[in-house]
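# A structural walkthrough
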Amino acid sequence: MLVAVGRIVLDFYNNDNIPLKRRQLEALCEDLRRKYNVSALEVADFDDPERCVIGFSAVIPENWKTQSARSLMQKICDTIDQTAFARVTIEDCDLLSHGEA
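Each chain carries its own residue numbering, running from 1 in the written order of its sequence. Reporting of local features is limited, given that this is a predicted model, to residues whose pLDDT is at least 70; pairs of side-chain atoms are given and counted only at 80 or more, and all residues count toward the totals for whole chains, interfaces and linings. To get the side-chain values, all heavy atoms of the structure are used, and hydrogens and water are removed first.

### Details of the state of the cysteines
- Pairs of cysteine sulfur atoms within 2.5 Å are what we label disulfides. One pass over the full model with this rule turns up 0 disulfides.
- C29 takes part in no disulfide bond, and the closest cysteine sulfur, belonging to C52, lies 9.8 Å away.
- Just so you know, C93 is unpaired, no disulfide at all, and the nearest cysteine sulfur is the one on C77, 3.1 Å from it.

### Overview of the packing of helix α1 (residues 18-36) against helix α2 (residues 66-83)
- Angles run from 0 to 180 degrees between N-to-C directions of axes, and those axes are lines fitted to C-alpha atoms, restricted for helices to the stretch in contact. For the purposes of this entry, the term helix denotes a DSSP run of H or I that reaches at least four residues, the term strand denotes a run of E that reaches at least two, and both are numbered from the N terminus. The geometry of α1 relative to α2 is characterised by a closest axis approach of 11 Å and an angle of 145 degrees between their N-to-C directions. At the point where α1 passes α2, the crossing takes the right-handed sense. Across the interface between the two elements, L28, L32, K35 and Y36 from α1 touch L72, K75, I76, T79, I80 and T83 from α2. Rotating anticlockwise by less than a right angle from the far helix to the near helix defines a left-handed crossing, while the corresponding clockwise rotation defines a right-handed one. Residues are treated as being in contact if the distance between any of their heavy atoms lies within 4.5 Å.

### Quick notes on the sheet that holds strand β2 (residues 39-44)
- Pairs of strands are assigned from DSSP output, requiring at least two bridges between the strands. If you walk across this open sheet you meet the 4 strands as β2-β3-β1-β4, and the pairing is antiparallel. The open sheet has two free edges, formed respectively by β2 and β4 (87-97), since each of these has just one partner strand. The sheet shows a mean angle of 20 degrees between the axes of neighbouring strands, taken without regard to direction.
- By the bridge criterion, 10 bridges tie strand β1 (residues 2-11) to strand β3 (residues 51-60) in an arrangement that is antiparallel. If you follow V3 over to β3, its bridge partner there is V59.

### A short note on the packing of aromatic side chains
- Stacked, tilted and edge-to-face pairs are distinguished by plane angle, under 30 degrees for stacked and over 60 for edge-to-face with tilted covering the rest, among Phe, Tyr and Trp rings (Trp via its six-membered ring) whose centres lie within 6.5 Å. On inspection of all chains with the given rule, the structure shows 1 aromatic pair.
- Between F12 and F85, the aromatic rings sit 4.9 Å apart at their centres with planes inclined by 65 degrees, giving edge-to-face as the arrangement. Residue F12 is located in the loop between β1 and α1, and its partner F85 is located in the loop between α2 and β4; the two are separated by 73 residues in the primary sequence.
- When a residue's accessible area, from a 1.4 Å probe over protein chains only, is under 20% of the maximum for its type it is buried; when over 50% it is exposed; and in between it is partly exposed. Residue classification places F12 among the buried positions, given a relative accessible area of 12%.
- On the basis of relative accessible area, F85 is assigned to the partly exposed category, the value being 25%.

Interpretation in functional terms is not warranted from these geometric data alone.
As structure tokens, this is what we get:
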């Protein structure tokens with residue numbers, strides 16, 4: 001199987017409201033879960049109101065071509081960039097293989 005993983009860092013410039021950050025991150029992650037059937041969650045910098053770090057992962061069947069898996073990963077990143085409440089500053093994604101190839 002293939003696993004698409006990503007870590008996206010958002011800059012929520014001039015925010016000083018941590019509960020607002022958490023609500024907006026939860027809404028963004030929920031939209032990603034619904035649209036792409038992925039696992040998505042805030043993974044770091046919980047107490048920094050200006051920095052948001054989202055992690056996501058998707059399990060992909062082995063019969064998918066690598067390019068299709070990479071395309072899905074890019075669509076997820078593009079969706080975050082287009083719909084996020086804050087500016088994407090770092091996008092770190094990878095495609096991992098697990099088990100028999």
